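An overview of the molecular structure
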Amino acid sequence: MKKNNRLISVLLSAILLLAGCSNIEKGRDAIIGTDVNKVGIIHVTGDEMVQWTVSGDEIDALREWASGLKFLPHEFEKNKTPYDTDTDVESYEFYLTKGDYRNISYAIIDEKTSYIFYADKWYTVTNPSVPPLQEPAELTLDKVIELAGKGDDLTWSDFEQYKSKEIGSGLYILHYNIDENYYLLVGGTPAALSELSGDCRRRPLLVGGTPDKKPTYIRLVSAQDDTKYIDIRTESINDFISK
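The text that follows walks through the structure, step by step, so that each part is easy to find. Note that residues are indexed from 1 along each chain, following the sequence as it is written. The model is predicted, so local features are restricted to residues of pLDDT at least 70 and side-chain atom pairs to those at 80 or more, both for listing and for counting; the totals for chains, interfaces and linings are taken over all residues. To obtain the side-chain values, all non-hydrogen atoms of the structure were used and water was disregarded.

Regarding the packing of aromatic side chains
- Geometry of aromatic contacts follows a simple scheme: Phe, Tyr and Trp rings, the Trp one being its six-membered ring, pair when their centres are within 6.5 Å, and the pair is stacked under 30 degrees between planes, edge-to-face over 60, tilted otherwise. Throughout the structure, instances matching the rule amount to 11 aromatic pairs.
- Where Tyr 182 meets Phe 240, the ring centres are 5.9 Å apart and the plane angle is 50 degrees; that geometry is what we call tilted. In this pair, Tyr 182 is assigned in strand β10 (residues 182–188) and Phe 240 in helix α4 (residues 237–241), connecting sequence segments 58 residues apart.
- Ring-pair connections join several aromatic residues into one group, and the members of that group are Phe 76, Tyr 83, Tyr 115, Phe 117 and Trp 122.
- Comment: the charge-over-ring label is applied if NZ (Lys) or CZ (Arg) is within 6 Å of the ring centre and within 35 degrees of the ring normal. Residue placement shows Arg 219 over the ring face of Tyr 217; its charged tip is 3.9 Å from the ring centre. Helix and strand labels come from DSSP, where a helix needs a run of H or I of at least four residues and a strand needs a run of E of at least two; each type is numbered from the N terminus.

Here is the structure:
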C-alpha cells in the first residue's frame, strides 16, 4: 500500500468514528444540508496532504455536486476499503461543521472509478467527477502583517481559508508556507470541527467552526533558522524581518 493510502486510511477511521456518533439518517438531498455554512476539507494526492475550510459560494457548488452524484452500494472484502491498493488514490475528506450531517470520504481511483463513503457505507459512484473546489490560497507576509493588527483577538478561523498542513504531535500545529524566508506556525488545542450530538468527541483534523480556545501561539518563523521566531500577536513583525 502506498504511503498516502495509509494516511487516508487514518482519516477514514476518524470519519467512521464520527459516523457512529450520529443517529439521524439524512435523505439523499441532504448530504450537505442547506444549513451547513462551513466545510472542512482534506485533499490527499500523491505524498501531499492539504487542508482548508470553505464557505459561501464554494459550499453551494459543493452541495450541488454532492446532490448530483449517483451511487450504488458496494461491498468490499472484509476490512477492505478503496485505499487498500498498491496504486495512489486521490482522496477528499469532507467534515461538515453543523448538525448531524454525515462526514464524507470521496476516493478517486481513476477517471472512471470513484467511491464515496457516506452514512456508514461505501458506494460506487456511477457518474464520477472531481469535486468543484479551488485549491486554497497561500498565506502571504502582507496578509500576516495585516492579521497581526488584531493582536490577541486572532483566532483559528482567521487562518482557515489558507493552505496548511498539520505537523503537530501532541499539540495541534498548522504549518503555513509564506515564502523562501518565512513560514507561520499556529499551535494549540482548538475545538473539534463538528458540532456532534451526545458525548462524541475526537481530536480535530483541521480548523473549522468556532473553536472554543484561542491558539497557544502564532509564530512567524525564519525558514533559515527555526530557532528565530516571534509571536505575531505581541511582537513586531517589521522589527523581526528587518534584522
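Observations regarding the environment of Ile 42
- For Ile 42, the position within the fold is in strand β1 (residues 39–45).
- For the pair Ile 42 and Tyr 95, spaced 53 residues apart in the sequence, the C-alpha separation amounts to 8.5 Å.

Considering the pairing of strand β7 (residues 121–125)
- Paired strands are those between which DSSP finds at least two bridges. The pairing of strand β3 (residues 71–73) with β7 spans three bridges and is antiparallel. Paired with Pro 73 across the bridge in β7 is Tyr 123.
- Examined bridge by bridge, strand β6 (residues 113–118) and β7 share four bridges and lie antiparallel to one another. Looking at β7, one finds that Tyr 115 is bridged to Thr 124.
- Linking β6 to β7, which pair antiparallel, is a turn of two residues; within it Ala 119 sits at a positive phi near 55 degrees.

Some thoughts on helix α3 (residues 141–148)
- Here's how the labels work: a residue is buried when its accessible area is under 20% of the maximum for its type, exposed when over 50%, partly exposed in between, all with a 1.4 Å probe on protein chains only. Those residues of α3 that fall on the buried side of the exposure criterion are Leu 141, Val 144, Leu 147 and Ala 148. Relative to the axis of α3, the buried residues are bounded by an arc of 120 degrees and lie together on one face. When the buried face of α3 is taken as reference, the exposed residues oriented beyond 90 degrees from it are Asp 142 and Glu 146.
- Contacts are assigned to residue pairs with any non-hydrogen atoms lying within 4.5 Å of each other. Packing partners of the buried residues in α3 comprise β10, β11 (217–222) and α4. An arc is given here, and it is the one of the directions from the helix axis to the C-beta atoms.

So, the sheet that holds strand β9 (residues 172–177)
- Strand order in the open sheet made by the five strands is β8-β9-β10-β11-β12, with antiparallel pairing throughout. The sheet terminates laterally at β8 (165–166) and β12 (229–231), the two strands that pair on one side only.
- Summarising the sheet, β9 and β10 pair through six bridges and their orientation is antiparallel. Across the sheet, the residue bridging to Asn 177 is Tyr 183, located in β10.

A short note on the nonpolar core
- We call a set of buried Ala, Val, Leu, Ile, Met, Phe, Trp, Tyr and Cys residues a nonpolar core when their side-chain atoms join them within 4.5 Å. One finds Ile 32, Val 39, Ile 41, Phe 94, Tyr 106, Ile 116 and Leu 133 to be the most contacted residues of the largest nonpolar core, which totals 26 residues.
- Looking at this core, the elements that each hand over two or more residues are β1, β2 (48–54), α2 (57–68), β4 (90–96), β5 (104–110), β6 and β7.
- The leading source of residues in this core is α2, at four residues.
- Apart from the residues within four sequence positions on either side, Phe 94 is in contact with Val 39, Gly 40, Ile 41, Leu 62, Trp 65, Asn 103, Ile 104, Tyr 106, Pro 131 and Leu 133.
- Listed in part, the 22 residues of the second largest apolar core include Leu 154, Tyr 182, Leu 184 and Ile 230.

As for the sheet that holds β4
- Within the open sheet, the seven strands sit side by side as β2-β1-β4-β5-β6-β7-β3. Their pairing is antiparallel. Every other strand in the sheet has two partners, leaving β2 and β3 as the edge strands with one partner each. If you compare each strand with its neighbour and ignore which way they point, the axes differ by 20 degrees on average.
- Of the pairings in the sheet, the one linking β5 to β6 comprises five bridges and is antiparallel in character. Its bridge partner being in β6, Ser 105 is matched across the sheet by Phe 117. Axis angles are defined between N-to-C directions and span 0 to 180 degrees, where every axis is a line fitted to C-alpha atoms and, for a helix, only to the segment in contact.

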